[in-house]
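Residues per chain, in single letters:
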Amino acid sequence: AYPNPFNPITNIEYGLPHNSFVSIAIYDINGRMVDELINTNQLAGYHKVIWDAGAQASGLYFIKINSGEYQQIQKVMLIK
């Protein structure tokens with residue numbers, strides 16, 4: 001995700017080697033899901049999604065990306 005830290009918009013870019021189901025969700029520091037950005041099948045290739053966190057409080061958030069057996073979690077800092 002970039003920029004990081006951000007205020008209030010960050011870009012999330014990812015690539016898929018083959019068509020697959022993708023889920024991207026945002027969690028707060030307490031582990032509660034605060035936003036679900038993607039939850040659908042997507043074609044192979046590079047993709048970009050934008051998270052507008054204008055309604056969220058400043059602090060640390062986690063972006064969780066799932067695609068098939070692949071999972072990644074990235075920390076991002078929202079500074080208002």
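Everything discussed here concerns the structure shown above.
Residues numbered from 1 in each chain as written. Predicted model: local features only at pLDDT ≥ 70, side-chain atom pairs only at ≥ 80, totals over all residues. Heavy atoms only, no water.

Student: What's the story with the overall build of the chain in this structure? I'm lost.
Tutor: Within the chain one finds zero helices and six strands. Shown N-terminal to C-terminal, the secondary structure of the chain runs as helices and strands in the order β-β-β-β-β-β. Against the globule reference of 12 Å for 80 residues, the chain gives a C-alpha radius of gyration of 12 Å, in line with a compact fold. Taking the principal axes of the C-alpha coordinates as reference, the chain spans close to 35 × 20 × 15 Å. Across the chain, every contact between residues at least 6 apart in sequence was considered, and the portion connecting residues at least 24 apart equals 56%. Surface exposure of the chain reaches about 5000 Å², of which carbon and sulfur atoms provide 52%. (Helix = DSSP H or I, 4+ residues; strand = E, 2+ residues; numbered from the N terminus. Rg over C-alpha atoms; globule rule 2.2 N^0.38 Å. Contact = heavy atoms within 4.5 Å. Areas by Shrake-Rupley, 256 points an atom, 1.4 Å probe, with all protein chains shown as cover.)

Student: Looking at this structure, how should I read the nonpolar core?
Tutor: One recurring pattern in soluble globular proteins is that nonpolar side chains are buried together. Core analysis: the biggest nonpolar cluster contains 16 residues, and I12, Y14, I24, W51 and I63 have the highest contact counts within it. Taken together, the elements giving at least two residues each to this core come down to β1 (9-16), β2 (20-28), β4 (45-52), β5 (59-67) and β6 (70-78). With residues near it in sequence (within four places) discarded, I12 still touches A1, L37, H47, K48, V49, W51, I63 and I65. (Core = buried A, V, L, I, M, F, W, Y, C linked by side-chain atoms within 4.5 Å. Buried < 20%, exposed > 50% of the residue type's maximum accessible area, 1.4 Å probe, protein only.)

Student: Looking at this structure, how should I read the pattern of salt bridges?
Tutor: Pairing between side chains of opposite charge can happen when their charged atoms approach one another. Considering all chains together, one arrives at one salt bridge under this definition. Here R32 makes a salt bridge to D28, at a shortest N to O gap of 3.1 Å. (Salt bridge = Lys/Arg side-chain N within 4 Å of Asp/Glu carboxyl O.)

Student: Looking at this structure, I do not really get the pairing of β6. What am I missing?
Tutor: Along a regular strand, successive side chains alternate from one face of the sheet to the other. Here β5 pairs with β6 via nine bridges, running antiparallel. Across the sheet, the residue bridging to F62 is K75, located in β6. Hairpin connection, β5 to β6: the antiparallel pair is bridged by two residues, and G68 has positive phi, about 60°. (Pairing = 2+ DSSP bridges.)

Student: Would you explain the side chain of N11 in this entry?
Tutor: With respect to the helices and strands, N11 occurs in strand β1. Judged by relative accessible area, which is 13%, N11 ranks as buried. Among residues more than four places away in sequence, those in contact with N11 are A1, Y2, P3, K48, V49 and I50.

Student: For this particular structure, what's the right way to read unusual backbone geometry?
Tutor: Peptide bonds are trans in most cases, and residues, glycine excluded, mostly fall at negative phi. Here the bond from N4 into P5 is cis, since omega is 5°, no more than 30 degrees from zero. Counting through the fold element by element, P5 comes out in the segment before β1. Residue P8 is bonded to the preceding N7 through a cis peptide linkage, with omega at -25°. Checked against the element boundaries, P8 lands in the segment before β1.

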